[in-house]
Amino acid sequence: MEQSAFEKIYEVVKQIPYGQVATYGQVAALAGNKRWARVVGYALHVNPDPDHIPCYRVVNKEGRVSDAFAFGGGNRQVELLQAEGVEFIDGYVDMERYQWERPVY
């Protein structure tokens, strides 16, 4: 049975390592369609299993967290990332240091 777009997205998000982040576009490309960045946002907003699908590790390409973070708002997303050692510069994740370096095939 073929996975849905959301299932593919969740599988990628589960792979983002502790203490690292990925962008919406990066997750979209790894899930199979680089045009799915907005779909990634929708999928994360209805995350069925936030304890096992770390949607808080997904940020925009500039390293900004989502104001609409579904599980406690943007401040909660910052708290969760900081608890993993992710550092912010002027409110943005330091992407050079913390962006997940998984290659897209």
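Keep in mind it's a predicted model, so treat the numbers as computed, not measured. (Residues numbered from 1 in each chain as written. Predicted model: local features only at pLDDT ≥ 70, side-chain atom pairs only at ≥ 80, totals over all residues. Heavy atoms only, no water.)

A. Structural context of the environment of Asn60. Looking at the element boundaries, Asn60 is found in the loop between strand S2 (58–59) and helix H4 (73–83). Sequence-wise, Asn60 and Ala37 are 23 residues apart; in three dimensions their C-alpha atoms are separated by 9.4 Å. Ignoring anything within four residues of it in the chain, the contact list for Asn60 reads Thr23, Tyr24 and Met95. A polar atom in the side chain of Asn60 sits 2.8 Å from the backbone nitrogen of Arg64. (Helix = DSSP H or I, 4+ residues; strand = E, 2+ residues; numbered from the N terminus. Contact = heavy atoms within 4.5 Å. Polar contact = N/O pair within 3.5 Å; in protein donor to acceptor, adjacent residues only side chain to side chain.)

B. How the structure looks around unusual backbone geometry. Not every positive phi belongs to a glycine, and Asp90 is a case in point at roughly 50°. Following the sequence through the fold, Asp90 ends up in the loop between strand S3 (88–89) and strand S4 (92–93). Judged by relative accessible area, which is 74%, Asp90 ranks as exposed. (Buried < 20%, exposed > 50% of the residue type's maximum accessible area, 1.4 Å probe, protein only.)

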